[in-house]
Amino acid sequence: EGRSHEGDITALDRAVASMLQHGGPGTLRLARLGKAFAKANGIIDAFHGLLNSVSWICLAISFLQSERLLSAFEDDGHERTVVVNTSCLSRFFGFVRRCCSEPHVVSLRRRNSDGLLGPSLERRNGALLFIAHPLIASKNLAHRLSSAGAKKTAEL
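Structure report, in brief.

Parameters and conventions
- Residues numbered from 1 in each chain as written.
- Predicted model: local features only at pLDDT ≥ 70, side-chain atom pairs only at ≥ 80, totals over all residues.
- Heavy atoms only, no water.
- Helix = DSSP H or I, 4+ residues; strand = E, 2+ residues; numbered from the N terminus.
- Buried < 20%, exposed > 50% of the residue type's maximum accessible area, 1.4 Å probe, protein only.
- Axes fitted to C-alpha atoms, helices over the stretch in contact; angles between N-to-C directions.
- Parallel < 35°, antiparallel > 145°, perpendicular 65-115°, else oblique.
- Left-handed = near helix turned anticlockwise from the far one by under 90°.
- Contact = heavy atoms within 4.5 Å.
- Nonpolar A, V, L, I, M, F, W, Y, C, P; charged D, E, K, R; others polar.
- Core = buried A, V, L, I, M, F, W, Y, C linked by side-chain atoms within 4.5 Å.

## Examining the overall build of the protein
(1) Moving on: The helix and strand tally for the protein stands at 5 helices and 2 strands.
(2) Moving on: Mapped in sequence order, the helices and strands of the protein form the string α-α-α-α-β-β-α.
(3) Moving on: Considering the protein as a whole, with its 156 residues, one finds that 45% of them fall into the buried category.

Below, the structure written as structure tokens:
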């Protein structure tokens, strides 16, 4: 697409920051807690076959979308207040566990005409977990996640 790798990262950072800001303090709190938990438990390290930091943030945003607390990336929906308590954290980690233990596609974007968020399970290029880049839906942010890394994450 003619963008440099650095430009792609900057655009990704802006898109994710926009979603976090749009979701309010509860969204940011959940993303931070998820990343802190992952770091404390040694399950955040893309160079060793685990999820990277931005993937954890996208999982937190996608979880809130699945709970209908946050709208899709392009929507200007009315957000509900996100209260991060033990019940919310338990549901979030259950969501992460499901995403890492069976084929799953995560997208922050609005559903396409087929009703899908990002690529179909058949088009995920064999990846167990496909976290679609918010701006380039065909790009998997979790492309370094190995089967051993997914298993370790699912066992959290």
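Here the narrative resumes.
## Points about unusual backbone geometry
(1) Moving on: The phi angle at Arg 68 is positive, at roughly 60°, despite the residue not being glycine.
(2) Moving on: Position of Arg 68 among the secondary structure elements: in the loop between helix H3 (53-66) and helix H4 (86-101).
(3) Moving on: According to the relative accessible area criterion, Arg 68 is exposed, its value standing at 66%.

## Some words on the packing of helix H2 (residues 25-40) against H4
Axis angle and axis distance: for two packed helices, these are the angle between their axes and the distance between the axes, and together they describe the pair.
(1) Moving on: Taken N-terminus to C-terminus, the directions of H2 and H4 make an angle of 60°; their axes are 11 Å apart at the nearest point. Comparing the axis directions of H2 and H4 gives the class oblique. At the point where H2 passes H4, the crossing takes the right-handed sense. Residues Leu 30, Leu 33, Gly 34 and Phe 37 of H2 lie in contact with H4, whose contacting residues are Cys 88, Leu 89, Phe 92 and Phe 93.
(2) Moving on: Here the residues of the contact of H2 with H4 are counted per class, giving 7 nonpolar, 1 polar and no charged.

## Section: the nonpolar core
(1) Moving on: Counting 38 residues, the largest nonpolar core has Leu 30, Leu 51, Trp 56, Leu 59, Phe 92, Leu 129 and Ile 131 as the members making the most contacts within it.
(2) Moving on: Of all elements in the fold, only helix H1 (5-23), H2, H3, H4, strand S2 (129-131) and helix H5 (147-154) reach the threshold of two or more residues within this core.
(3) Moving on: Top contributing element to this core by residue count: H3, with 9 residues.
(4) Moving on: Here Ile 131 is in contact with Leu 51, Ser 55, Cys 58, Leu 59, Val 106, Lys 139, Asn 140, Leu 141 and Ala 142, once residues within four sequence places are set aside.

This is a description of form; function is not addressed.
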